[in-house]
Amino acid sequence: EPEVTQTPSHQVTQMGQEVILRCVPISNHLYFYWYRQILGQKVEFLVSFYNNEISEKSEIFDDQFSVERPDGSNFTLKIRSTKLEDSAMYFCASSGGGEEQFFGPGTRLTVL
Amino acid sequence: GNSVTQMEGPVTLSEEAFLTINCTYTATGYPSLFWYVQYPGEGLQLLLKATKADDKGSNKGFEATYRKETTSFHLEKGSVQVSDSAVYFCALSDPQAGTALIFGKGTTLSVSS
């Protein structure tokens, strides 16, 4: 069964460093998403991506964040200069265009 | 704006007990409602959904009914199993606001034999 995969499962970084979180969406899907969940809080939408451009973004998705689909399979989230408050679980999701979004297992980001 | 509130966990039950996890929502439009489940070490999986008022979503013995009058979408199961132990997320999607899902905080269910 096709699934969304994410790497790494856990990333530890120093404050101010750049991190890139990687996702491989389901191969025939067209819509891609990033969400995050700070420990003990809600899962929050960050950004959606369709047709090689951002289609929606939340207030959280400021200039320190960027997304890219560098090839036909990967979808990445870059955080340019990490802050302590960026520590969270980051989920990638993809959709074929219907309402159901398929989620990856998440990357736990720890900023020290 | 749109939001989802679900009951705080953890919920601890014995096998074969009845489960209810409450979820209420606030939406400006006519949202679709979802329950996602996350098993340990895995991603969020869609458990069930309902797209309009009075619809009932069901899957794997779980049910939830879209109640517009009470803005609720409570998750129920008549007899839980140990394998149902997971985190359950209520979510909504409002087409007027885009395709992003808006989630509740999640409720951890632990079932013991």
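Residues numbered from 1 in each chain as written. Chains lettered and ligands numbered in written order. Predicted model: local features only at pLDDT ≥ 70, side-chain atom pairs only at ≥ 80, totals over all residues. Heavy atoms only, no water.

J.: I'd love a proper account of the overall build of chain A, names of residues and values included.
T.: Looking only at helices and strands, one finds 0 helices and 11 strands in chain A. Computed over the C-alpha atoms, the radius of gyration of chain A is 13 Å, within 12% of the 13 Å expected from 2.2 N^0.38 for a compact globule of 112 residues. Dimensions of chain A along its principal axes, counting C-alpha atoms only, are 35 × 25 × 25 Å. In chain A, buried positions account for 46% of the 112 residues. In chain A, the share of contacts with a sequence separation of at least 24, taken over all contacts with a separation of at least 6, comes to 53%. Counting every atom, chain A has about 5700 Å² of accessible surface; 47% of that belongs to carbon and sulfur. One way to put it: in chain A the 9 positive side-chain charges average out to a point 6 Å from where the 15 negative ones average out. (Helix = DSSP H or I, 4+ residues; strand = E, 2+ residues; numbered from the N terminus. Rg over C-alpha atoms; globule rule 2.2 N^0.38 Å. Buried < 20%, exposed > 50% of the residue type's maximum accessible area, 1.4 Å probe, protein only. Contact = heavy atoms within 4.5 Å. Areas by Shrake-Rupley, 256 points an atom, 1.4 Å probe, with all protein chains shown as cover. Lys, Arg positive; Asp, Glu negative; His and termini not counted. Charge placed at Lys NZ, Arg CZ, Asp CG, Glu CD.)

J.: Tell me about the pairing of strand 5 (residues 32-38) of chain B, and please be specific about residues and values.
T.: All names here are of chain B. Most of strand 5 is tucked away, with 7 of its 7 residues classed as buried. Burial of strand 5 is two-sided: the residues Ser32, Phe34, Tyr36 and Gln38 facing one way and the residues Leu33, Trp35 and Val37 facing the other way are all buried. Direction of pairing for strand 5 relative to strand 6 (residues 44-50): antiparallel, over a ladder of 6 bridges. What sits directly across from Leu33, in strand 6, is Ala50. Hairpin connection between strand 5 and strand 6: a loop of 5 residues separates the two successive antiparallel strands, and Gly41 in this loop has a positive phi of roughly 80°. (Pairing = 2+ DSSP bridges.)

In short, shape yes, function no, at least from these values alone.
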